[in-house]
Amino acid sequence: MHPIPRDASPDSTLALLSEGYRFVMNRCERHGSDIFETRLMLRKAICVMGEEAAGMFYEPDRFTRKGAMPITTLMLLQDRGAAQTLDGEAHRWRKRMLMALMEPENIRRLCGEVAAEWRAALPGWERAERVVLLDAVRAILCRAVCRWAGVPLTEEEAGPRTAEFAAMIDGAGAVGPRNWRGLLLRTRTERWARGLIEDVRAGRLVMTEGDAERRALHAIATHRGLDGNRLDTVTASVELINILRPVVAIAQYVVFAAMALHEHPEQRAALQDASPEEVEHFVQEVRRFYPFFPLVAGRVRTPFDWRGHRFAEGTWVLLDLYGTCHDPRIWNDPERFRPERFRGREPGAFALIPQGGGGHLRGHRCAGEWITIEVVKTALRLLTREMRYSVPAQDLALDLWRMPAVPRSRFVITDVAPRRKADAVLDPPVALSRRAH
């Protein structure tokens, strides 16, 4: 067996925290290899990047997510008992329930809710001296996804719920106060979510006949596992949060799309009359270019060999998502924003992996990936066709040591005004079935 290059540092935890998204990339370049060994939190870790590494990592049933990430991150991103923490047939059974919510018509309905909430917010934006887009879009998405999921949300609740989801997102990759705040606020969200599950099961919260099965709250509350029993209340509430919070997190991609429009004004002009395919190319390049999740971790379930290296049971492996999306072996001129790179190119299952790789149904690729794409498309149409705004001088730097990365100013806009009468919400989803790997 070939030896794996080793990082010289006795422990690289501080380096990971200081280098953030570029930690794995920097060392792969240093070692001239897309695999190396290091120590993180005093534990041996194997770090990998690239399309071949993603194919290795996302081979079904090869890795488990149990014990693969710090407990504080797990609690904010997934929590115990969630679909992403399950293995084998238990994972696939739960994933089928989640994927059933991702039908094109259901995604279209969510995008309609997003557009309606955005348009309702516009008059307030017009009156405001300034709008912090990240915060404003998080509020829009929180209201929209709750209505879509069948979750009742009063005006008084909307603010606190948005703040709780935002704290979970902001704290997931942090150490210290940002993480502690996310964990503290999550306890309040969990109590609320458990109450919703209990209300559905007790008949206190009834949804329209024929519509309930499309609503995430009803689907999760009534879902039965492989043993024929309903999920316990705590696990069901975790799955509900794992539907709502990730949609609120799409606000980061919306802000990145707005940054791309600002930094590449020729793209804004092109999008005014762009075809559905061209809009999709722009969104895919936003997902490739800008930082979302830095990496994903797993522990080996079944020993295997890869590239002459032996991966024993329990080996801790980290796959660089950001680095793979910037790998020059996959992407020509990866540090340039070029939507046209997707013209005539359908990314492979292990090349464009900001939300995971491989298959949606059998693997751990994010169930909500299609929702992300279509919601960002909806936001683009609103930004380019239904409103005008100015981008004042501000600090738009992206600190790649901060996980998750957001522009320092959180993207401020001013002088908001309507562009024209609202037209269609979005073009039909682009052949979603072709991406169901």
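Residues numbered from 1 in each chain as written. Predicted model: local features only at pLDDT ≥ 70, side-chain atom pairs only at ≥ 80, totals over all residues. Heavy atoms only, no water.

Caption draft 1: Quick peek at the sheet that holds strand S1 (residues 35–40). Across the sheet, 5 strands lie side by side as S1-S2-S8-S5-S3; this open sheet has mixed pairing. Sheet topology places S1 and strand S3 (63–64) at the edges, where each strand pairs with a single neighbour. With 5 bridges connecting them, strand S5 (residues 295–300) and strand S8 (residues 316–320) associate as antiparallel partners. Pairing of Leu-295 across the sheet is with Asp-320, part of S8. Across the face of the sheet, helix H2 (residues 23–31) comes into contact with S1, strand S2 (43–49), S5 and S8 while running at roughly 130° to S1. (Pairing = 2+ DSSP bridges. Helix = DSSP H or I, 4+ residues; strand = E, 2+ residues; numbered from the N terminus. Contact = heavy atoms within 4.5 Å. Axes fitted to C-alpha atoms, helices over the stretch in contact; angles between N-to-C directions.)

Caption draft 2: How the structure looks around the nonpolar core. Within the largest apolar cluster, 93 residues are counted, with the highest numbers of intra-cluster contacts made by Trp-118, Trp-125 and Leu-244. If near-sequence neighbours (up to four positions away) are discounted, Leu-244 is found in contact with Val-145, Cys-146, Ala-149, Val-151, Phe-165 and Trp-192. (Core = buried A, V, L, I, M, F, W, Y, C linked by side-chain atoms within 4.5 Å. Buried < 20%, exposed > 50% of the residue type's maximum accessible area, 1.4 Å probe, protein only.)

Caption draft 3: Layout of the sheet that holds strand S4 (residues 131–132). One open sheet accounts for 3 strands, arranged S4-S10-S9; its pairing is antiparallel. This sheet does not close on itself; its edge strands, each paired only once, are S4 and strand S9 (387–390). Note: S4 against strand S10 (residues 412–418), 2 bridges, orientation antiparallel. Paired with Val-131 across the two strands is Ile-413, which belongs to S10.

Caption draft 4: Quick peek at the state of the cysteines. Overall, the coordinates contain 0 disulfides when judged by the stated rule. Unpaired in this structure, Cys-142 has its nearest cysteine sulfur neighbour in Cys-146, at a distance of 4.5 Å. A residue is classified by how much of its surface remains accessible, and Cys-146, at 0% relative accessible area, is buried. (Disulfide = S-S within 2.5 Å.)

Caption draft 5: Looking closely at the side chain of Glu-369. Relative to the elements of secondary structure, Glu-369 occurs in helix H15 (residues 369–385). Within polar-contact distance, the side chain of Glu-369 engages the side chain of Arg-365 at 2.6 Å. Once you skip the residues sitting within four places of it in the chain, Glu-369 turns out to touch Arg-287, Gln-355 and His-360. (Polar contact = N/O pair within 3.5 Å; in protein donor to acceptor, adjacent residues only side chain to side chain.)

Caption draft 6: A look at unusual backbone geometry. With an omega of 0°, the peptide bond between Met-403 and Pro-404 qualifies as cis. Checked against the element boundaries, Pro-404 lands in the loop between S9 and S10. Phi at Met-41 takes a positive value of approximately 50°, unusual for a residue other than glycine. By the secondary structure assignment, Met-41 is in the loop between S1 and S2. Taking relative accessible area as the criterion, Met-41 reaches 40% and is therefore assigned partly exposed. Phi is positive for Phe-411, close to 65°, though the residue is something other than glycine. Note that Phe-411 resides in the loop between S9 and S10.

Caption draft 7: Local environment of the side chain of Thr-13. As for its position among the elements, Thr-13 is in helix H1 (residues 13–19). Within the structure, the side chain of Thr-13 is placed 2.6 Å from the side chain of Asp-11, a separation counted as a polar contact. Here the side chain of Thr-13 touches Met-41 through a polar contact of 2.6 Å, landing on its backbone nitrogen. Non-local contacts of Thr-13, meaning those with residues more than four positions away in its chain, are made with Arg-39, Leu-40 and Met-41.

Caption draft 8: Seen up close, the pattern of salt bridges. Summed over the entire model, instances satisfying the criterion amount to 38 salt bridges. In this structure, Glu-190 engages Arg-186 in a salt bridge whose closest nitrogen and oxygen atoms are separated by 2.8 Å. Placement of both Glu-190 and Arg-186 in helix H9 (residues 177–201) is noted, with a separation of 4 residues, approximately one turn of the helix. Residue Glu-285 pairs with Arg-341 through a salt bridge whose shortest N-O separation is 3.1 Å. (Salt bridge = Lys/Arg side-chain N within 4 Å of Asp/Glu carboxyl O.)

Caption draft 9: Up close: the packing of helix H11 (residues 233–263) against helix H13 (residues 276–289). Axis separation between H11 and H13 bottoms out at 10 Å; the angle between their running directions is 110°. On the basis of their axis angle, the class for H11 and H13 is roughly perpendicular. Residue-level inspection shows Tyr-253, Phe-256, Ala-257, Ala-260 and Leu-261 of H11 in contact with H13, the latter providing Phe-282, Val-286 and Arg-287. Classifying every residue of the contact of H11 with H13 by side-chain character gives 7 nonpolar, no polar and 1 charged. (Parallel < 35°, antiparallel > 145°, perpendicular 65-115°, else oblique. Nonpolar A, V, L, I, M, F, W, Y, C, P; charged D, E, K, R; others polar.)

Caption draft 10: Region of interest: the pairing of S8. The buried fraction of S8 is high, at 5 of 5 residues. With burial as the criterion, each face of S8 is covered, one bearing Trp-316, Leu-318 and Asp-320 and the other bearing Val-317 and Leu-319. In terms of strand pairing, S2 meets S8 through 4 bridges, oriented parallel. For Met-49, the partnering residue across the bridge sits in S8 and is Asp-320.

Caption draft 11: Representation of the packing of aromatic side chains in the model. This model, assessed by the stated rule, comprises 18 aromatic pairs. Ring centres of Phe-282 and Phe-337 lie 5.4 Å apart, and the angle between their planes is 75°; this geometry places the pair in the edge-to-face category. Within this pair, whereas Phe-282 is found in helix H13, its partner Phe-337 is found in the loop between helix H14 (321–324) and H15, the two being separated by 55 residues in sequence. The pair Phe-282 / Phe-337 is uniform in exposure class, with both members buried. Seen in terms of ring centroids, Tyr-290 and Phe-337 are 6.1 Å apart; in terms of plane orientation they differ by 55°. Their pairing is tilted. (Phe/Tyr/Trp six-rings, centres within 6.5 Å; stacked < 30°, edge-to-face > 60°.)

Caption draft 12: Up close: the pairing of S5. With 5 of 6 residues buried, S5 lies mostly within the body of the structure. Relative to S5, S3 runs antiparallel, the two sharing 2 bridges. For Phe-63, the partnering residue across the bridge sits in S5 and is Val-300.

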